[in-house]
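# Coordinate analysis (summary)
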Amino acid sequence: MIEIERKFLVNSNVFKEKAFKKTRITQGFLNTHKDRTVRVRIKGDLGFITVKGRSSKDGLSRFEWEKEISVKEAEVLLLLCEPTIIDKIRFEVKVGQHIFEVDEFLGDNHGLLVAEVELKTEKETFDKPNWLGEEVTGDIKYYNSLLSKHPYCTWDT
């Protein structure tokens, strides 16, 4: 139940050519406390509720529990979420032995591209494709829970 992942900005759209899967995701947060977040998500034709704990100091790992729910239940729960709802398209790209999940944000976060790779251990190595940019693991402004409150369109870039 511990999620270990590294997060990167993406510097080109080359990943789209390599993606083996593309899914629309709508998600909101019932709770965005620093010690825990409770997320509701519709991913394609599936619904999920997820609880995440506080991140480790380096941002690499944290508790994560997820349960599949019906899309209808997720739609109702999304109505209870804090502002605002995150809308994005997720591309899955196999690189070496790992799968990168690249999120192309829409709406108020349009223009933001973020890639994540899940690891088995914090020290695990992985191949880095040339479309990966700066590592932002642990930078909380890139957490979806913060993007819902402080969207990319409001940043001074």
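Residues numbered from 1 in each chain as written. Predicted model: local features only at pLDDT ≥ 70, side-chain atom pairs only at ≥ 80, totals over all residues. Heavy atoms only, no water.

Along the chain, Arg6 falls in strand 1 (residues 2–10). Residue Arg6 is classed as buried on the basis of its relative accessible area of 18%. Here the side chain of Arg6 touches Glu135 through a polar contact of 2.7 Å, side chain to side chain. Those residues in contact with Arg6, other than ones at most four positions away along the chain, are Leu60, Ala115, Glu116, Val117, Leu119, Phe126, Lys128, Glu135 and Thr137. (Helix = DSSP H or I, 4+ residues; strand = E, 2+ residues; numbered from the N terminus. Buried < 20%, exposed > 50% of the residue type's maximum accessible area, 1.4 Å probe, protein only. Polar contact = N/O pair within 3.5 Å; in protein donor to acceptor, adjacent residues only side chain to side chain. Contact = heavy atoms within 4.5 Å.)

Counted according to the given criterion, the structure contains seven aromatic pairs. Ring centres 6.0 Å apart and planes at 65 degrees place the aromatic pair Phe100 and Phe126 in the edge-to-face group. Taken as a pair, Phe100 in strand 7 (residues 98–105) and Phe126 in the loop between strand 8 (113–118) and strand 9 (132–135) lie far apart in primary sequence, 26 residues in all. Phe126 matches Phe100 in its accessibility class, with the two residues each being buried. Grouping aromatic residues by their ring pairs yields a cluster made of Phe8, Phe15, Phe91, Phe100, Phe126 and Trp131. Here Arg62 stacks its cationic end above the ring of Tyr143, 5.0 Å away from the centre of that ring. Residue placement shows Lys141 over the ring face of Trp155; its charged tip is 4.7 Å from the ring centre. (Phe/Tyr/Trp six-rings, centres within 6.5 Å; stacked < 30°, edge-to-face > 60°. Lys NZ or Arg CZ within 6 Å of the ring centre and 35° of its normal.)

Within the secondary structure, Thr37 sits in strand 3 (residues 36–43). If sequence neighbours within four positions are ignored, Thr37 has contacts with Phe29, Asn31, Thr32, Thr50, Val51, Lys52 and Ser145.

What follows deals with the nonpolar core. One recurring pattern in soluble globular proteins: nonpolar side chains tend to sit buried together. Val10, Phe15, Phe100, Val102, Ala115 and Trp131 are the most contacted members of the largest nonpolar core, which totals 18 residues. Breaking this core down by element, the ones donating at least two residues are strand 1, strand 6 (82–95), strand 7 and strand 8. With four residues, the top contributor of residues to this core is strand 6. Look past the residues within four positions of Ala115 in its chain and what remains in contact with it is Arg6, Lys7, Phe8, Val10, Phe100, Glu101, Val102, Trp131 and Leu132. In this structure, Leu9, Ile86, Val136 and Trp155 belong to the second largest nonpolar core, which totals ten residues. (Core = buried A, V, L, I, M, F, W, Y, C linked by side-chain atoms within 4.5 Å.)

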